[in-house]
Amino acid sequence: MPATLQEVEVLEKRDGGGGRNRPPSGGNGGGGDDGKNQPKKRPSPSRYYTGVAIGIVSILMFFMALASAFLVRRGSIDWIPVHIPSLLWFNTVVLLASSGTLELARKRLASGDARGFRDFWLLTTALGIAFLIGQVAAWRILVGQNVYLSSNPASSFFYVFTGAHAVHLLAGVGALLYVSFRNFDLAKVTRTVAADVTSYFWHFLDALWLFLLALLYLGK
Amino acid sequence: MVTYDDGAGGPSERIASLTGRVFSTGHKTIGLEYLWLSLASVLVGMVLSALLRANTSWPDTAIPFLARFDSSPERYAAMRLLHGSLMVFFVLTAAPQLGLGNFLLPLQIGAEEMAFPELNRLAFWLTVVSLVAMTASFFGPLDRGINVWLVSAAVFSLGALLSALNFTVTTIELRAKGMTLPRMPVTVWAWFVNAILSMLIFSVLLAGCTAVLSDRLLGSHFFSAAAFLAQQPQNLVREGSLPVLWQRLFWYFAQAEVYVAMLPCFGIITHLVATFARRPLWKERLVVLALCGVGAAGFCVWGYHMFATGMNPYAPLVFAVLASSLGIPAAVLLASWLSTLWNSRIEFSTAVLFAIGFISLFIAGGLSGLFLARHDLAHAAVSEDFVIGHFHLVMGVAATFAILAALFFWYPKLFGRRMNETLGKMHFWMTFVGVYCIFMPMHWLGLLTQSNLLPDTQRVALASAGGAIRTLVTVATIWTVAAQSLFVINFFGTLLGRRKAQENNPWSASTLEWSIACPAPEGNFGSDAPVVFRGAYELAVPSGNALLPQHLSPELLAQKIR
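Bear in mind the structure is a predicted one, so any value in this text is a computation, not a measurement.

1. Concerning unusual backbone geometry
Residue and element names in this part refer to chain B. A cis amide bond links C518 with the next residue in sequence, P519, at an omega value of -10°. Relative to the helices and strands, P519 resides in the loop between α17 (456–496) and α18 (554–561). One non-glycine residue with positive phi stands out, namely K283, at about 55°. Summarising the element assignment, K283 is placed in the loop between α9 (241–277) and α10 (284–300). Residue classification places K283 among the partly exposed residues on the basis of 15 C-beta atoms within 10 Å.

2. Examining the nonpolar core
Residue and element names in this part refer to chain B. With 202 residues, the main nonpolar core has I269, F358, A398, A402 and A405 as its most contacted residues. When residues in this core are grouped by element, the largest group, 21 residues, is from helix α6 (residues 186–218). Split by domain, this core shows at least three residues from each of two domains, domain 1 (21–184) and domain 2 (502–562). Sequence-distant contacts of F358, defined by excluding residues within four places in its chain, comprise C265, I269, A398, F401, A402 and A405.

3. Thoughts on the confidence of the model for chain B
All names here are of chain B. With 81% of its residues at a pLDDT of at least 70, chain B reaches an overall mean of 83. The least confident element of chain B, judged by mean pLDDT, is helix α8 (residues 236–239) at 41; the most confident is helix α4 (residues 117–136) at 94. In the predicted structure, residues 305–311 sits below a pLDDT of 50 and forms 16 contacts with residues beyond four places in sequence or in another chain. As a predicted assembly, this complex carries a pTM of 0.86 together with an ipTM value of 0.82.

4. Let's talk about the packing of α10 of chain B against helix α12 (residues 327–341) of chain B
Residues and elements named next belong to chain B. Look at α10 against α12: their axes get within 8 Å of each other, and the N-to-C directions meet at 145°. Here α10 runs over α12; the crossing is left-handed. Here α10 contributes L286, V287, A290, G293 and V294 to the contact with α12, which in turn contributes I328, P329, V332, L333 and S336. Across the contact of α10 with α12, the residue classes tally to eight nonpolar, two polar and no charged.

5. Things to note about α10 of chain B
Side chains three or four residues apart in an α-helix point the same way, a direct result of the helix having 3.6 residues per turn. Taking 1.5 Å of rise per residue, 17 residues should cover 24 Å, and α10 of chain B covers 25 Å from first to last C-alpha, within 8% of that figure. Restricting attention to buried positions, one finds in α10 of chain B the residues E284, V287, V288, A290, L291, V294, G295, A297 and G298 of chain B.

6. Focus: the packing of helix α3 (residues 87–110) of chain A against helix α6 (residues 191–218) of chain A
Residues and elements named next belong to chain A. Axis separation between α3 and α6 bottoms out at 10 Å; the angle between their running directions is 160°. Judged by the angle between their axes, α3 and α6 are roughly antiparallel. With respect to the hand of their crossing, α3 and α6 are arranged in left-handed fashion. Together, L88, T92, L95, L96, S99, L102, R106 and L109 of α3 and T192, A195, S199, W202, H203, D206, W209 and L213 of α6 make up the contact between the two elements.

7. Some thoughts on the environment of A405 of chain B
Residue and element names in this part refer to chain B. Structurally, the position occupied by A405 is in helix α15 (residues 384–415). On the neighbour-count criterion, A405 (28 C-beta atoms within 10 Å) is buried. Considered as a pair, A405 and I269 are 136 residues apart in the sequence and their alpha carbons are 7.9 Å apart.

8. Here's the deal with the domain arrangement of chain B
Where interface size is given, it is often the accessible area lost as the parts come together that is meant. Residue and element names in this part refer to chain B. As assigned here, chain B comprises domain 1 (21–184) and domain 2 (502–562). Counting residues at the interface gives 14 residues for domain 1 and 16 residues for domain 2. With four residues, helix α3 (residues 73–109) is the single largest residue contributor to the side of domain 1 that touches domain 2. Residues belonging to the side of domain 1 that touches domain 2 are distributed by class as follows: seven nonpolar, three polar and four charged.

About the criteria used
Residues numbered from 1 in each chain as written. Chains lettered and ligands numbered in written order. Predicted model: local features only at pLDDT ≥ 70, side-chain atom pairs only at ≥ 80, totals over all residues. Helix = DSSP H or I, 4+ residues; strand = E, 2+ residues; numbered from the N terminus. Buried ≥ 20, exposed ≤ 12 C-beta atoms within 10 Å, placed from the backbone. Core = buried A, V, L, I, M, F, W, Y, C linked by C-beta atoms within 7 Å. Domains from an automatic or database assignment. Contact = placed C-beta atoms within 7 Å. pLDDT = per-residue confidence, 0-100. Axes fitted to C-alpha atoms, helices over the stretch in contact; angles between N-to-C directions. Left-handed = near helix turned anticlockwise from the far one by under 90°. Nonpolar A, V, L, I, M, F, W, Y, C, P; charged D, E, K, R; others polar. Expected span 1.5 Å × (residues − 1). Parallel < 35°, antiparallel > 145°, perpendicular 65-115°, else oblique.

Set out below in C-alpha cells:
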C-alpha cells in the first residue's frame, strides 16, 4: 500500500516557512539572481573527506588493473626479473618517515601550535621530495645496468609501476605545498580540513608504495 | 556573425556571456553543454552508420565523403571505430549520465550546485579535447591515428573519473533536508550507482590505455606478441594468453560500459513510467536493489566477451552464470515497469511513447542477449551480424529512446518550452519502425551465416535470401537516419520559437526540479532551501491518481485536501 496521510504527518514540522509552495510562475527564463547576492559561506567540509575516499578507491582500481596484468604476464618466456636497486629500501624508509612526520604535524595543528605544525609539515614535504629524487636515482641505477623500459616485460612493469606511483606522489607533494602556502582566509576549506584530506591521500600513497614494492619484490 | 537586435545587448556583452559560459562552473550550463556535444556526435555518428551500410550494400558506388580516402579494409574498420567511439563515449555515456545527470541531479536532490564545480568544468573540457582528438584520429595515417585514439580514450577516462567522483560525492553529501536515501528519485539512484561503477571501470580503461600507449610509443612489452611468436609451437596455451591480455583489460571496461550506458536509462524510464502512470512505483525498493544489482553484476561479467578467445575452461561457466544472473535485475525492472503501467490511465505523450518503445526494445534486445550469455550457445550465435543486431537494439537504440524520452520530458526544465507533440509522435513512429527493420533482420542474417549444418542447396538458397535482407537493412538505415530530421526540426524549432512554457510543472510530476521555475533559474532554489517530506512516488490518498510533490509540507497538504 502506498504511504498515506498519517505517515506523512508524523514527519517533523519544519520550523518557519511551512514548506515550499510553488513559486510564482513569472520566471521567464532569465532567472533571479537571489543566490548570488548572499555572502558565500564555506561549504560543509564533509564532501572533501568523502571525495578523497572515493578518489582513493578509483586510484587503487587503476593500480589493481596493472597489478592483475603483472600477475598474468609474469612467467612468460621473455620475462627477465628486475633486480631491485637497494636504494629503493632506503626510499621506502624515507616515505614511511614522511607519514610519521605528517601525523606529528597534524597533532601540532590540533593543539594550536601553528609553528610546530609548519615545521613538521615542511619536513614532510621535504621527505616526499627526497623520495621522488630517490626514485629517479633508482631509475638511473637501472639505466646504468642497461635495464630500460623497453628491455623486457618485467622492466616495463617496474618503470610503469614506479612512474605511475611517482606521478600520484607528485600530486601529493603539490597538495602538501598547497596546505603550506595557501591563504586559508580566502579558501573554501579550513587549514585543518585541507591538512586532513591531504594526509589521507598521503598515507594511502605510502601504503600503495608498500604494496607495489612487495609485488615487484615477491612477484619477480 | 553578430546581430545587434534582441535582448543580449552589444557585442562586448555577448563576448562576456560567451566567456562566462566557457568558464562557467554551473552544473546546468555544463549539463547543457554535454547535451550539445552529444547531439553533434549523434548526428555525425548516424551519418557514418548510413555511409557504412551504403558501402556494404553497394560497394561499387562512389560515396562523396569516402572517395577522399583509400578504400582499404583498414579504412572501413577505422570508420566503424569512429562511429562506435562517437556513439559509445560521446552519446551513450555522455548524454544520459553527464548531460542529463549534471543538469538534473542537483535539482532532484535539492542541491544548489555539484560538490566540486571546478572539477566538473575540467571534466567537460577533457571530454571536449577527447572528442576533437578522437574525431581527428580518423583523418590521417591509420597507424598514428590509433595512438591519437588511445590518448583520447585515456583523456576521456580521466574526465569520466572526475565526473563520477563529483556525482558520487554530490549524492552522498548535498541532499536537501529530508531527502533520505529511500526518498531519492530512482533517476538519482541510477546516476549514483552508475557513478560508482564508472569510478571503478574507467580506472581500468585508463590503465589499459597507459600500457598500450607505452607499448606503442616507448617500446615497452606489456602486450607485445614477440614472445607469443617465439614460442608458438611448443607451448601454445600459456602464450596464447598474451594478445588476450589487452582484450581482458579492455573488455573489463567495455562490458561494464554497456551498463554505464544503460543504468541512467533504466532510471529515466522508471521515473517516467511512475510519473505518467500517476501511481507509486511497483516495488520501488526492489527496483533500487535491482539497479544496484545491475551495477554489481555489470562489474563482474567482463569475461563473457572472451568465450571466443580462449580462457581457463571453468571460467566461461562462471561468467555465463554471472551474465545470466543479470536477467534477475532486468526482470525485476521489467516487472516493475509493466505492473506500474498496468491498468493505469496513461496519457500517451511523446515521452511516454519513447519510454514504452524503450521497454519494447529492451525486451527484444535482451532476449537475443540470452543466446550470447550462454557460453555453449554463444558459439552458435557469435557471428558479426547477430552480435551487432543484439547490442544495437539493447544498448544503442534502447538507450537512445531513453534519452529522447528524457529530452521530451525535461525539455521545459532545460529550455522553458515544450516540444511539438505531433512532430514528436511522427518522429517516434518512424524511428520505431525503422530501428526494428534494421536490427531484427540482422539477427536472422547472423543465424543464416552460421547455418553450416544445413545441406549445400539450402545454404545457397539462404545466402541469396541474405542479400535481400542486407539491402532491406541498408534502406531502413537510411530511412531511420532521415527520420531524425523531424527531431532536429522539432528541437531547434521549439528552441528558437517564441512560445514559452506557461507552467512550472506541466506533467504534474512530484520531484523537486518541478517546484521551481522553467527553465531552472540561476541558483536553483534560491535562498529558500527545499525540504523533502516524502518519497518521490507517493499518492495523496490511497485511491487517488496524482503523485504528491516531495516538497509539499503536511500542513499545506492537509489544507489542500480539506
